[in-house]
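Observations on chain architecture
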Amino acid sequence: MKNLFDIQGKVVVMTGACGVLGETIVKYFAGQGARVALLDLPRTAETGRRIVADITAAGGQALFLPTDVLDQPTLERNRADILKAWGTVDILLNAAGGNMAAATVPPDKTIFDLDVDAVRKVVDLNLFGTIYPTLVFARVMTEKGRGSIINFCSETSFRPLTRVAGYGAAKSAVASWTKYLAGELALKSGDGLRVNAIAPGFLLTHQNHDLLVNPDGSLTDRSRKILDHTPFGRFLQPDELLGTLHWLASDASAAVTGTINLVDGGFESFSI
Ligand SMILES: NC(=O)c1ccc[n+]([C@@H]2O[C@H](COP(=O)([O-])OP(=O)(O)OC[C@H]3O[C@@H](n4cnc5c(N)ncnc54)[C@H](O)[C@@H]3O)[C@@H](O)[C@H]2O)c1
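Parameters at a glance
- Residues numbered from 1 in each chain as written.
- Predicted model: local features only at pLDDT ≥ 70, side-chain atom pairs only at ≥ 80, totals over all residues.
- Near = placed C-beta within 6 Å.
- Helix = DSSP H or I, 4+ residues; strand = E, 2+ residues; numbered from the N terminus.
- Nonpolar A, V, L, I, M, F, W, Y, C, P; charged D, E, K, R; others polar.
- Expected span 1.5 Å × (residues − 1).
- Buried ≥ 20, exposed ≤ 12 C-beta atoms within 10 Å, placed from the backbone.
- Arc of directions from axis to C-beta.
- Contact = placed C-beta atoms within 7 Å.
- Core = buried A, V, L, I, M, F, W, Y, C linked by C-beta atoms within 7 Å.
- Axes fitted to C-alpha atoms, helices over the stretch in contact; angles between N-to-C directions.
- Parallel < 35°, antiparallel > 145°, perpendicular 65-115°, else oblique.
- Left-handed = near helix turned anticlockwise from the far one by under 90°.

Among the 28 residues in the neighbourhood of the ligand, the closest are listed as Gly16, Gly19, Leu21, Gly97 and Leu203. Going through the elements one at a time, helix H1 (20–31) and helix H4 (116–144) are the ones with two or more residues in the shell around the ligand. If you tally residues by element for the shell around the ligand, the top one is H1, at three residues. Per-class residue counts for the shell around the ligand are 13 nonpolar, 13 polar and two charged.

Okay, helix H3 (residues 72–86) next. The terminal C-alpha atoms of H3, which comprises 15 residues, lie 21 Å apart, in line with the 21 Å expected from a rise of 1.5 Å per residue. Of the positions making up H3, those classed as buried are Leu75, Asn78, Arg79 and Ile82. Relative to the axis of H3, the buried residues are bounded by an arc of 100° and lie together on one face. Exposed residues on H3 whose side chains face more than 90 degrees from its buried face are Pro73, Ala80 and Lys84. Considering only its buried residues, H3 is in contact with strand S1 (11–15), strand S2 (35–40), strand S3 (61–66) and H4. Among the residues trailing H3, Gly87 stands out with phi positive, at a value near 85°.

Grouped together as the largest cluster of nonpolar side chains are 65 residues, with contacts concentrated most on Val12, Val13, Met14, Val26, Val36, Leu38 and Ile198. Aside from chain neighbours lying at most four places away, what touches Leu38 is Met14, Ala17, Cys18, Val26, Gly48, Ile51, Val52, Ala62, Leu63, Phe64 and Leu65.

Below, the discussion takes up unusual backbone geometry. The phi dihedral of Arg163 falls on the positive side, at around 75°, and the residue is not glycine. Assignment of secondary structure puts Arg163 in the loop between strand S5 (147–152) and helix H5 (165–189). Classification of Arg163 as partly exposed rests on a count of 17 C-beta atoms within 10 Å.

So, on to the packing of H4 against H5. What describes two packed helices is the angle between their axes and the distance between those same axes. Put simply, H4 and H5 touch, their axes get as near as 8 Å, and they point 20° apart. As far as their axial angle goes, H5 and H4 are roughly parallel. Between H4 and H5 the crossing geometry is right-handed. Within the contact between the two elements, H4 uses Ala118, Val119, Val122, Val123, Asn126, Leu127, Thr130, Ile131, Thr134, Ala138 and Thr142 and H5 uses Ala165, Gly166, Tyr167, Ala169, Ala170, Lys171, Ala173, Val174, Trp177, Leu181, Leu185 and Ser189. Classifying every residue of the contact of H4 with H5 gives 16 nonpolar, six polar and one charged.

Written as structure tokens, this is what we have:
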């Protein structure tokens, strides 16, 4: 019987691949037999090369390509390199993204203190940093009428969280773009090309470390509020995202497009 989850030999492109979630995800996909192209900023090259070496040592295939998700010509060069190496692109994971402290409103400040340029940078990275790679890599997918694009949303895509003003605006826009693009690509390129998002709940990573952990290592009041509002009562681990990503990447989700998939220990659906 056909294994709907088989992604053996598929070419996976992941932006932000050298981040906390990226490393776990690319190693998992490589372990499933996919060929993975790690795209991240040049400053992450050492990490990228280490991850590629780990994957290769485990018998997998991987490439690290320095990029900038806001620079289309660089992305086009990345695409040419991937096509030269592996001939196609099957799956795009748009994970480059994140927050900036200056785009937040801490409790002792108001919106009038907000650094609007920082908000713009966060929207640029999360929203346009999803749009540009899609425009570049979806070209290959539309030509063959097949592919799976997976964007990275957040709890803030559904309901705004306090403080993270720019990040919330950006990630809710990524959710809207995901749904829009799913319809647009299906209408013009058919039902083999799908666009979905994963919305990870709260993980303790370096990106949100200062919001969730005090300098003495204890949890912040914000952390306690999050955990009180999470039926699981704990932060999630990066490997808890893998099953949902594998499903979205593979034929197991062949009729699924335009969805935002929460992996959050129940946070979003819970009231008291
Ligand atoms: N960690 C969490 O708790 C969490 C929760 C929900 C959503 N997310 C989202 O998941 C994604 C991955 O998060 P993470 O925790 O691994 O973050 P991370 O900060 O560890 O990794 C993000 C990666 O993106 C790269 N990057 C930044 N700007 C870039 C650019 N211009 N071009 C190319 N690469 C760039 C960084 O170098 C970094 O390696 C992000 O979109 C994030 O917003 C994370």
